[in-house]
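Here are the chains, one letter per residue:
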Amino acid sequence: MVITTGNGPWGSTQGVSGNHFFGLQRNAASIKQTVGGHTVGGTYNLVVHVARRTNNPASGENGLRVTADGVEIANSLVTNTEFERRAFTYTADNANVEIELAATGADGDRTVFVDAIEIPENLPGYRRDIAGCVHASNIELFHDSTQRACAERCDVDSGCVAFEFGVDYGASGRYQPSDCQLQSSADSSDCDGRLFNLDLYVKE
Ligand SMILES: [Ca+2]
């Protein structure tokens, strides 16, 4: 089911992205989607933000099972009541891969929340740090870029070790979606990209 962020009866949990998140209520409740555009044999990261309901009516453990084309890629407990980011890796056996997220645990009324599900485009030579950023260290800002074009700018700049890329996290910051800002540092400590509408891509 779809839950509004901060909804009191659901425990007032704050979502990560937008005004809603999904709730997987009771064991085996699931959502699934077929995602196209994979390169066969390619390795992909599935990024999911998860939490458990604060005020579960039933006691006991919440878990989340993730499968790609029916192959389990994760099955882990969810004990945090605020959303946290998890990244799972899978290999694409087909161009279209069915991704399924399912609640696990004993029977009873307890709910796993999921939000901000993404499969970042594989950008050769870069590691994406969702909602990452680097304080200062800005070399140059370009608007209306793509991740790939921004990577190409960074590739040819010997001083560039990472780039910030604008995404809409709902912050009223100074960055717009598709902004590309080359970075002279990749130190993302103490920088929350959600406050600036930024992801970080680090040269590998
Ligand atoms: Ca910066």
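Counting starts from 1 at the beginning of each chain's written sequence and moves along it residue by residue. Local features in this predicted model are restricted to residues of pLDDT 70 or higher, and side-chain atom pairs are both shown and tallied only at a pLDDT of 80 or more, whereas totals for entire chains, interfaces and linings draw on every residue.

Caption draft 1: Fine view of the environment of Ala-149. Counting from the N terminus, the helices are DSSP H or I runs at least four residues long and the strands are E runs at least two residues long. Relative to the elements of secondary structure, Ala-149 occurs in helix H1 (residues 147–155). Between the C-alpha atom of Ala-149 and that of Cys-180, which follows or precedes it by 31 residues, the distance is 8.7 Å.

Caption draft 2: Just the sheet that holds strand E11 (residues 138–142), in detail. Think of it this way: DSSP has to see at least two bridges between two strands before they count as a pair. Judged by pairing direction, the sheet is antiparallel, and its five strands sit side by side in the order E10-E14-E12-E13-E11 without closing on themselves. The sheet is open, and its two edges are formed by strand E10 (126–129) and E11, each paired on a single side. Strand-to-strand, the axes of this sheet are offset by a mean angle of 20 degrees, without reference to chain direction. With four bridges joining them, strand E12 (residues 162–166) and strand E13 (residues 180–183) adopt antiparallel strand pairing. Note on E13: the bridge partner recorded for Phe-165 is Cys-180. Only C-alpha atoms enter the line fits that serve as axes; for helices the fit covers just the stretch in contact. Angles between N-to-C directions range over 0 to 180 degrees.

Caption draft 3: Molecular detail of H1. Once C-beta atoms are placed from the backbone, each residue is buried if 20 or more other C-beta atoms lie within 10 Å of its own, exposed if 12 or fewer, and partly exposed for counts between those two. Regarding H1, the residues found buried are Cys-150, Ala-151 and Cys-154. The buried residues of H1 occupy one face: seen down the axis, they fall within an arc of 100 degrees. Our arc is simply the arc of the directions from the helix axis toward the C-beta atoms.

Caption draft 4: How the structure looks around the domain arrangement of the protein chain. In this entry, domain limits derive from an automatic or database-based domain assignment. Looking at the protein chain, the domain boundaries give domain 1 (2–118) and domain 2 (126–203). Relative to domain 2, the C-alpha centre of domain 1 lies at a distance of 27 Å.

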